Protein chains: 4
Amino acid sequence: MEKREVQASVKDERLVQKRRDQMIKGAVALFKQKGFHRTTTREIAKAAGFSIGTLYEYIRTKEDVLYLVCDSIYDHVSERLQEDLAVEKGTLDSLKHGIADFFQVMDEMQAEVLVMYQEVKSLSKDALPYVLKKEMEMVAMFEELLTRCVENGELTLSEKQIELIAHNIFVQGQMWGFRRWALRRLFTLEEYIEMQTEILLSGVQGRVSGAVAVPEKG
Amino acid sequence: MEKREVQASVKDERLVQKRRDQMIKGAVALFKQKGFHRTTTREIAKAAGFSIGTLYEYIRTKEDVLYLVCDSIYDHVSERLQEDLAVEKGTLDSLKHGIADFFQVMDEMQAEVLVMYQEVKSLSKDALPYVLKKEMEMVAMFEELLTRCVENGELTLSEKQIELIAHNIFVQGQMWGFRRWALRRLFTLEEYIEMQTEILLSGVQGRVSGAVAVPEKG
Amino acid sequence: MEKREVQASVKDERLVQKRRDQMIKGAVALFKQKGFHRTTTREIAKAAGFSIGTLYEYIRTKEDVLYLVCDSIYDHVSERLQEDLAVEKGTLDSLKHGIADFFQVMDEMQAEVLVMYQEVKSLSKDALPYVLKKEMEMVAMFEELLTRCVENGELTLSEKQIELIAHNIFVQGQMWGFRRWALRRLFTLEEYIEMQTEILLSGVQGRVSGAVAVPEKG
Amino acid sequence: MEKREVQASVKDERLVQKRRDQMIKGAVALFKQKGFHRTTTREIAKAAGFSIGTLYEYIRTKEDVLYLVCDSIYDHVSERLQEDLAVEKGTLDSLKHGIADFFQVMDEMQAEVLVMYQEVKSLSKDALPYVLKKEMEMVAMFEELLTRCVENGELTLSEKQIELIAHNIFVQGQMWGFRRWALRRLFTLEEYIEMQTEILLSGVQGRVSGAVAVPEKG
DNA sequence: GATGAATGAGTGTTCATTCAT
DNA sequence: CATGAATGAACACTCATTCAT
């Protein structure tokens with residue numbers, strides 16, 4: 001997908017990237033603490049280590065910062081997931097691995113995910129669709145993983161079920177990020193990964209053998 | 001739980017309630033449209049049908065409005081769920097019914113849920129814990145439903161599994177509300193309810209007979 | 001002509017007028033001193049005797065202040081000129097009287113005229129045509145005075161000459177306002193009025209009979 | 001008159017002149033379009049064909065650019081008028097020629113004149129008197145032309161009348177520049193020149209003999 | 001001499017909150 | 001109780017100017 005460009009006055013691309021990285025890092029910390037709206041551009045500049053004037057050499061509006069943050073998050077997550085997809089297997093193990101990886105990234109990037117999750121709606125009508133599309137792409141990665149398993153005969157799932165389960169995985173990943181105040185008291189990340197995967201696959205594998213329904217009938 | 005009081009200058013309790021209802025109704029519409037931060041107190045007053053001066057007779061700060069909105073939403077949802085719990089059954093059907101009901105409420109109150117979901121973090125350190133506690137109470141209702149099923153022998157689940165699944169149900173309910181831009185294209189509410197329930201229970205029921213795990217072991 | 005409305009948040013029309021009068025008065029003084037661009041809205045508010053917040057209850061943008069100033073100037077000048085036109089004479093004396101009156105107003109409103117003259121171009125594409133139209137109306141008043149004299153046989157002038165002379169009168173009036181740094185050293189207002197009128201009419205009357213110069217010599 | 005110096009860091013005088021010419025040319029175009037205040041130094045630099053850093057090698061403040069522009073305009077106009085004065089005649093025709101020339105320059109340099117006219121007041125207390133003096137010098141040229149005619153017996157005018165008429169000529173010239181939105185619809189430049197000259201001289205000649213109107217009638 | 005990244009004081013504008021009527 | 005005019009702290013954003021390279 002085409003990158004939605006955020007205009008900078010400074011020409012040196014390397015410098016732009018460096019400054020934006022500083023910016024994003026500072027902004028995430030602030031947004032996490034006080035949210036996008038309660039954070040001022042001056043605070044962002046300060047956290048990034050430069051002046052307000054310099055901040056505006058690299059963005060055009062405050063919203064650009066938010067967009068840059070969201071974009072960077074998705075980039076990181078996508079990159080990680082792509083690695084799992086690269087291994088062309090279609091086995092249950094590769095699926096499990098993908099899920100575990102995703103949950104792990106969500107754990108590592110907890111701050112960023114939280115921010116993104118609560119602030120996307122603040123994006124303009126211009127940037128929102130772009131970010132949403134990125135999200136769909138990530139869901140699509142899980143659809144891909146699931147489809148491969150189905151094609152491999154490891155799972156029996158309808159198209160719609162694949163889509164729903166992909167969404168579930170995605171949301172459960174985010175859930176670990178933004179409900180950690182509740183979940184952390186109950187589970188370690190490893191437990192969470194294991195238990196969610198188990199629930200997911202036990203329900204889903206059951207469909208392979210039709211055995212699930214038996215007790216209900218019996 | 002103790003109600004966290006929002007102070008009003010007006011003494012007449014009935015009037016206070018009436019005005020706040022007007023206020024909440026107007027505020028939800030506005031928050032849904034433009035979010036808490038982009039909505040001004042003047043707009044809230046106008047949408048509520050009275051002047052800015054009057055608004056401040058019934059609240060102390062803008063944040064009070066948000067708190068009132070959140071509180072009202074939870075009240076509505078809780079009330080609805082309590083009805084399901086009231087019927088002391090512990091059958092799978094009653095669980096299914098509870099889930100369906102919850103998803104339905106989430107659908108009906110989509111606007112409110114969305115608002116609450118994206119704006120809670122804007123609550124002060126004072127109000128946030130109170131709202132979070134309410135959320136825990138709702139999750140606890142599902143734990144209760146699940147526990148009864150386990151006690152009734154309809155399901156076999158550990159304590160931790162109950163808690164996780166309760167969270168899952170809750171999050172999937174919210175998911176219908178705030179991911180509807182993606183889900184609505186794939187499922188009707190009925191399909192969504194049916195499919196999610198199926199996945200949830202097939203995984204979970206499988207545990208009753210141990211049949212699910214077999215393929216994994218084999 | 002339709003008044004171009006400047007929107008106010010305050011409803012009480014009388015109050016709006018009062019506050020705007022304060023505002024205009026303060027603004028003219030400031031604009032005269034430092035020009036529109038170098039004057040801050042805060043300064044305008046202070047000069048008007050209220051806070052910056054209050055200022056913005058009566059206008060929407062800084063430019064509104066400029067428009068209000070221009071509008072008010074034209075209103076004052078027009079009003080004064082209308083009185084001269086009201087007396088339906090068409091004599092040379094009535095023309096002289098009109099010119100003298102105009103120059104006098106320009107003298108009295110020197111500050112305002114200077115401001116308007118130097119700052120109109122700062123008006124937006126929205127307000128500018130409206131102000132220009134007002135200016136044309138004022139020129140038209142002199143055309144009217146001149147036309148009556150021609151109809152009365154007091155002067156012999158072509159259509160085009162009437163238009164040009166009307167413009168000349170208008171510009172000479174302004175000239176007294178914005179070139180006073182040079183003119184004041186040479187003439188009193190009375191002298192200026194007398195001499196300009198003489199030049200104007202001697203040239204113009206001369207066309208009728210050539211008699212003009214005679215009485216002066218005699 | 002002493003040139004008011006604008007300090008430059010660069011020593012090479014030829015280069016300084018070259019860069020400033022580029023600068024003035026670009027600045028006039030921009031000032032005409034958006035006025036002095038709405039034009040940024042960056043825009044000026046860009047229009048001039050070099051960087052902001054370079055711009056500041058040749059001026060000290062933004063205001064210097066305005067001064068340079070004004071100065072350059074007067075230089076051009078003066079130069080042109082000096083040519084007319086050089087021919088030491090003192091005839092009515094030479095006066096007419098001078099007026100026509102001035103109006104023509106005002107037409108050609110319309111953009112510049114407009115700019116200068118509307119922005120002089122933005123000059124600092126330092127530069128303003130200098131520019132005003134230049135203006136007086138130009139008025140003085142017309143005084144000179146008129147005085148010669150009087151000395152030659154072609155006109156009969158008092159000192160004060162000479163000064164006033166010189167001002168009138170000057171202002172009517174500018175008027176063609178900054179009121180062209182109104183005048184262009186009524187007159188061509190040629191018509192304007194002819195009609196203004198006629199009015200001016202008929203009034204003024206009339207004083208000599210009262211004969212002015214005669215030829216027209218006869 | 002030329003460049004352009006960095007700076008931060010300053011600007012127009014908004015909006016939660018108060019309080020006299 | 002209700003109103004809405006008044007307030008001013010706070011904010012996003014701009015731009016003239018500097019200076020290290």
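Per an unreviewed UniProt entry, chain A carries the name TetR family transcriptional regulator and comes from Neobacillus cucumis.

Here's the deal with the protein's contact with DNA strand F
Around DNA strand F sit 40 residues, and of these A:Lys62, B:Tyr58, C:Arg19, C:Arg42 and C:Tyr58 come closest. The sugar and phosphate moieties of DNA strand F supply 64% of its atoms located within 4 Å of the protein. Here A:Thr41 contributes a backbone N or O atom positioned 2.9 Å from a phosphate oxygen of DNA strand F. A:Tyr56 places a polar side-chain atom, nitrogen or oxygen, 2.7 Å from a phosphate oxygen of DNA strand F. Looking at the surface near DNA strand F, its residues break down into 14 nonpolar, 15 polar and eleven charged.

As for the UniProt feature "DNA-binding region" (unreviewed entry) in chain A
Following the UniProt record, one finds the feature "DNA-binding region" (unreviewed entry) at residues 40-59 of chain A. Annotated as 75% helix and 0% strand, the span residues 40-59 of chain A places its first and last C-alpha atoms 14 Å apart.

Some details on the domain arrangement of chain A
Residue and element names in this part refer to chain A. Partitioning chain A into structural domains gives domain 1 (7-60) and domain 2 (66-208). Each of domain 1 and domain 2 was reduced to a C-alpha centroid, and the two centroids are 28 Å apart. In this assembly, eleven residues from domain 1 lie in contact with ten residues from domain 2. Across the interface of domain 1 and domain 2, roughly 920 Å² is buried in total on both sides, 82% from carbon and sulfur atoms. Where domain 1 touches domain 2, the interface holds zero salt bridges. One can count one residue pair in polar contact (both at pLDDT 80 or more) joining domain 1 with domain 2. Residues that form the side of domain 1 that touches domain 2 fall into these classes: seven nonpolar, two polar and two charged.

Structural notes on the relation of the copies chain A and chain B
Screw-axis analysis of chain A against chain B gives a translation of 0.2 Å along the axis, an RMSD of 0.3 Å, and a rotation angle of 179 degrees. Overall, the copies show the geometry of a two-fold rotation axis. The residues that chain A uses at the interface reappear at the interface of chain B in 94% of cases, marking a shared surface.

Observations regarding the UniProt feature "domain: HTH tetR-type" (unreviewed entry) in chain A
The UniProt feature table records "domain: HTH tetR-type" (unreviewed entry) at residues 17-77 of chain A. The span residues 17-77 of chain A carries 87% helix and 0% strand; its end-to-end C-alpha distance comes to 19 Å.

Some remarks on helix H7 (residues 128-151) of chain C
Compared with the 34 Å implied by 1.5 Å per residue over 24 residues, the 34 Å span of H7(C) between its first and last C-alpha is a close match. Just downstream of H7(C), C:Gly153 is the residue with a positive phi angle, here 80 degrees.

Some remarks on the environment of A:Gln82
Tracing the backbone through its elements, the reader meets A:Gln82 in helix H4 (residues 62-86). Separated by 76 residues in the primary sequence, A:Gln82 and A:Val6 place their C-alpha atoms 25 Å from one another.

Remarks on the interface of chain C and chain D
Each partner contributes residues to the interface: chain C has 48 residues there, and chain D has 47 residues. Area buried by chain C at its contact with chain D is led by C:Lys160, C:Leu164 and C:Arg179, which between them contribute 14% of it. Put simply, chain C and chain D have six salt bridges between them. Note that D:Arg179 is salt-bridged to C:Glu135, the shortest N-O span being 2.3 Å. Our count for the chain C to chain D interface comes out at 13 residue pairs in polar contact (both at pLDDT 80 or more). Contributing elements (two or more residues each) for the side of chain C that touches chain D: helix H1 (13-38), helix H6 (110-119), H7, helix H8 (159-178), helix H9 (180-183), helix H10 (189-206) and helix H11 (213-217) of chain C. Broken down by element, the side of chain C that touches chain D gets its largest block of residues, 13 residues, from H8(C).

About the cut-offs
Residues numbered from 1 in each chain as written. Chains lettered and ligands numbered in written order. Predicted model: local features only at pLDDT ≥ 70, side-chain atom pairs only at ≥ 80, totals over all residues. Heavy atoms only, no water. Near = heavy atom within 4 Å. Polar contact = N/O pair within 3.5 Å; in protein donor to acceptor, adjacent residues only side chain to side chain. Nonpolar A, V, L, I, M, F, W, Y, C, P; charged D, E, K, R; others polar. UniProt positions renumbered as here; feature names shortened; annotations may be inferred. Helix = DSSP H or I, 4+ residues; strand = E, 2+ residues; numbered from the N terminus. Domains from an automatic or database assignment. Contact = heavy atoms within 4.5 Å. Buried area = accessible area lost by both parts, 1.4 Å probe. Salt bridge = Lys/Arg side-chain N within 4 Å of Asp/Glu carboxyl O. Least-squares fit on C-alpha atoms with pLDDT ≥ 70 in both. Expected span 1.5 Å × (residues − 1).

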